[in-house]
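Remarks on the overall topology
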Amino acid sequence: MSAPSRVGSRRSRLVFAGGVYLALIALTVVFLFPLVWIVGLSLKTRLQIFTMPPLLVWRPTLENYAGVVHSADFVQAFTNSLLVSSGAVLLSMIVGVPAAYAIARFPFRGRSLLFFGLLAMRMLPAIAVLVPMYVLFSKIGLTTTRLSVILAYTTFSLPLVVWIMRGFFEDLPRELEESAWVDGASRYAAFVRVVLPLIRPGLVAACILCLQLAWNDFLFAAVLTNNATRTLPVLMAAFSSGDTGVEWGGMTASGVLVILPVIIFSFAAQRHLVAGLSSGAVKG
Amino acid sequence: MHGAMGGGSAAARLGTAARRARADPRRRSTSAWLDRQFARLAVLPTTVLMLLVFGVPLLFSLYLSFEGWSPEQSLFSGRFVGTDNYQDLLSDHAFLGSVAITFGYTAITVASELLVGLGLALLLDIDLPWISLFRTVLILPMMITPVVAAFCWKLLLDPDHGIVNYLIGSNVIWLGRPDTALLSVAVVNLWQNAPYVAILLLAGLRSLPSEPIEAAAIDGASRLQMFWHITLPLLRPYIVVALLLRTIFEFRAFDNIYVMTNGGPANSTMVLSMFTYLTSFVDFDLSMGAAASWAMLLMSMALCGLFIAVIRRREPL
């Protein structure tokens, strides 16, 4: 939509651009202020945090971060988060990528049913799956294990993988694999050696988007873990239950450390964000 | 294009493998059969996993919702109680209240997210220097772990030490009063998810054909006229998708409410997910929780049905 720049005189165009920048700057302030403020708090001493009026200029301290990094609870939760997120991503990719390829390329009986099931899996409320899952998992001794969280995460990461990858497979020209078939390669060999190498950017995008969702999950982990297996969001929620107390420095520093990896992942996959968000409803 | 070249050499390697395979007729017929089963075998793991983590649990909770069952009992030793759990739910004021609050909360948050998101998308679509910087910065809130976002806002809204009260010079206990708690939670949610809508709609705006707008500009249409009569109708499919996705996600809102209010004060933020969570995992009434789950499932299936109907009707979306 570059057309509006043609509208009106030069003067009115300048006024328009000025107005747009003004609005954008105002919105940026509104949207970023909470984040900036929290990062600020994390760099203050306890005394500085509760000073009124709030300190706007101070010598930043990293003592809160040092405290967090040396806290056994945080390190353990970080490790758990890393393990269950990457486990869920790995499982969903291994299981979901071939399915996405089959859905994109081959007509088979039950294809639309499978598709419908995946859509339902992504859209239906997590809590409704979690209640029976908790009962079943606890009866086979799976609750409080990281494996239970990984399995639970596939309820959202598997549909996401299939959706994103299906889009990538559909965009891939058929000629390459067809020529491999003609050369006598099996469907399996063509998939592994011809299609997968070509689709690498898609695989990376799907991994990152899944990782982000798994890293951010709270509900499944809150129900399926204990103090030894809890993930970072569960630890963060434990901080905030009831009174927030006076440990604001440590809590904000932990918060910043939790969101830092996701922000980095997200920027890495920014181009593919739309495909992930709309789960295939809009072709990204 | 070195990706394609990599594919080419892979195809060459395949050629030798295939010639070797052809040499042995017995292996050939088995592998031909296997080859025909490719699609079926490729979707098998997904199907199994889906049944395991989704199909079986949902069927089990349907069963559980007609039973009187407590966690000490073995899986199938509950007592059949017919529709008692559902009748109890329908006479429970907390549940009925949570249905009303969920729909109200969903309506408020989705409407505000769409309005703010559309505004953001329109601004970010204008081609000006530095605009990509704003595009990057303004979507930051949606990337943040929801629990952390909610937790940060809890500190910002703290009645005594929070910056919000300091800035507006008040001492309102935002999350501790029934009349402000739901609104506060909704505002935080708006902050986090308006960028989500903005990204979806921005992708829509970027893909619109430029000819109609250029033609209108030549005809001397004002910006407002162009927006109202050209951009908005063209953008409609994207708005519908954003609307339905947000509706489905807000309907099951949980993380932010759990952290900020835990359903309180006085049940004023008790959405359905929160109600089901507390019933199942705090009161440990799992058969009642299963009934609440199925009530929720039926309501969101209706929403999903709507979603699918819209997607099917507009294929090129």
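What counts and how
As a convention, each chain's residues are numbered from 1 in the sequence order in which they are written. To label them, take the chains in the order written and letter them from A, then take the ligands in the order written and number them from 1. At least 70 in pLDDT is required for a residue's local features to be given in this predicted model, at least 80 for side-chain atom pairs to be given and counted, and no such filter applies to totals for whole chains, interfaces and linings, which use all residues. Here a helix means four or more residues in a row that DSSP labels H or I, a strand means two or more in a row labelled E, and each is numbered from the N terminus. Radius of gyration here is computed from C-alpha atoms only, and the compact-globule reference equals 2.2 Å multiplied by the residue count raised to the power 0.38. In this scheme the burial state of a residue depends on its C-beta neighbours within 10 Å: 20 or more other such atoms mean buried, 12 or fewer mean exposed, and anything in between means partly exposed; the C-beta positions come from the backbone. We call two residues in contact when their backbone-placed C-beta atoms lie within 7 Å. Each residue after the first adds 1.5 Å to the expected span of a helix. Classification used: nonpolar for Ala, Val, Leu, Ile, Met, Phe, Trp, Tyr, Cys and Pro, charged for Asp, Glu, Lys and Arg, polar for all others including Gly. The axes used here are C-alpha line fits, helices contributing only the stretch in contact, and every angle between their N-to-C directions lies in the interval 0 to 180 degrees. Note that the term roughly parallel is reserved for angles under 35 degrees, roughly antiparallel for angles over 145, roughly perpendicular for angles of 65 to 115, and oblique for everything else. Whether a crossing is left-handed or right-handed is set by the direction in which the near helix is turned from the far one by less than a right angle, anticlockwise for left-handed and clockwise for right-handed. Where each domain begins and ends is defined by an automated method or by a domain database. How sure the predictor is of each residue is captured by pLDDT, a score from 0 to 100.

Observations regarding the overall build of chain A
A count of helical and extended segments in chain A gives 14 helices and zero strands. The helix and strand sequence of chain A, counted from the amino end, reads α-α-α-α-α-α-α-α-α-α-α-α-α-α. Taken over C-alpha atoms, the radius of gyration comes to 24 Å for chain A, far larger than the 19 Å a tight globule of 284 residues would show. Taking the principal axes of the C-alpha coordinates as reference, chain A spans close to 75 × 70 × 30 Å. Within chain A, buried positions represent 49% of all 284 residues. Across chain A, every contact between residues at least 6 apart in sequence was considered, and the portion connecting residues at least 24 apart equals 77%.

Considering the environment of B:I213
If you trace the backbone, B:I213 turns up in helix α11 (residues 211-218). Note: C-alpha distance between B:I213 and B:F227 (14 residues apart in sequence) is 8.9 Å.

Side note on helix α9 (residues 187-198) of chain A
An ideal rise of 1.5 Å per residue puts 16 Å on 12 residues; α9(A) measures up with 15 Å between its terminal C-alpha atoms. Taken together, the buried positions of α9(A) are occupied by A:R187, A:A189, A:A190, A:F191, A:R193, A:V194 and A:V195.

Concerning the environment of A:A190
Within the secondary structure layout, A:A190 lies in helix α9. Taking the C-alpha atoms as reference points, A:A190 and A:I164, 26 residues apart in sequence, are found 21 Å from one another.

Examining unusual backbone geometry
All names here are of chain B. A positive phi is found at W130, a non-glycine position, where the angle reads about 75°. Residue placement: W130 occurs in the loop between α5 (93-125) and α6 (131-138). Positioned with a positive phi, N267 is a non-glycine residue whose angle comes to about 60°. Along the chain, the position of N267 falls in the loop between α13 (255-260) and α14 (272-281).

Focus on the interface of chain A and chain B
Listed by partner, the interface residues are 95 residues for chain A and 99 residues for chain B. The leading source of residues in the side of chain A that touches chain B is helix α1 (residues 10-42) of chain A, at 12 residues. Of the residues that constitute the side of chain A that touches chain B, the class distribution is 73 nonpolar, 17 polar and five charged.

Some remarks on the packing of helix α12 (residues 232-240) of chain A against helix α8 (residues 146-156) of chain B
As a packed pair, α12(A) and α8(B) sit with axes 9 Å apart at the nearest point and diverge in direction by 20°. On the basis of the axis angle, α12(A) is roughly parallel to α8(B). The handedness of the crossing between α12(A) and α8(B) is left-handed. Across the interface between the two elements, A:P233, A:M236, A:A237, A:F239 and A:S240 from α12(A) touch B:V147, B:V148, B:F151 and B:K154 from α8(B). Residue composition of the contact of α12(A) with α8(B), by class: seven nonpolar, one polar and one charged.

Observations concerning α12(A)
Burial runs high along α12(A): eight of the nine residues are buried. Taken residue by residue, α12(A) has A:L232, A:P233, A:V234, A:L235, A:M236, A:A237, A:F239 and A:S240 as its buried positions. The inward-facing, buried residues of α12(A) contact α4 (72-105), α10 (200-216), α11 (219-224) and α13 (248-268) of chain A together with α8 and α13 of chain B.

Quick word on the domain arrangement of chain A
Residue and element names in this part refer to chain A. The domain architecture assigned to chain A consists of domain 1 (3-63) and domain 2 (65-277). Opposite the 10 residues of domain 1 that make contact, domain 2 presents 10 residues. Of all elements in the fold, only α1 and α2 (46-49) reach the threshold of two or more residues within the side of domain 1 that touches domain 2. Of all the elements, α1 adds the most residues to the side of domain 1 that touches domain 2, at four residues. Residues belonging to the side of domain 1 that touches domain 2 are distributed by class as follows: five nonpolar, two polar and three charged.

Digging into the environment of A:G202
As for its position among the elements, A:G202 is in helix α10. Separated by 41 residues in the primary sequence, A:G202 and A:V161 place their C-alpha atoms 9.8 Å from one another.

A few points about the confidence of the model for chain B
Residue and element names in this part refer to chain B. In this model, chain B carries an average pLDDT of 85, and 89% of its residues clear a pLDDT of 70 or more. Note that residues 1-8 has pLDDT below 50 and, in this model, eight contacts with residues that lie over four places away or in other chains. Interface confidence in the predicted complex, given as ipTM, is 0.87; pTM for the same model is 0.87.

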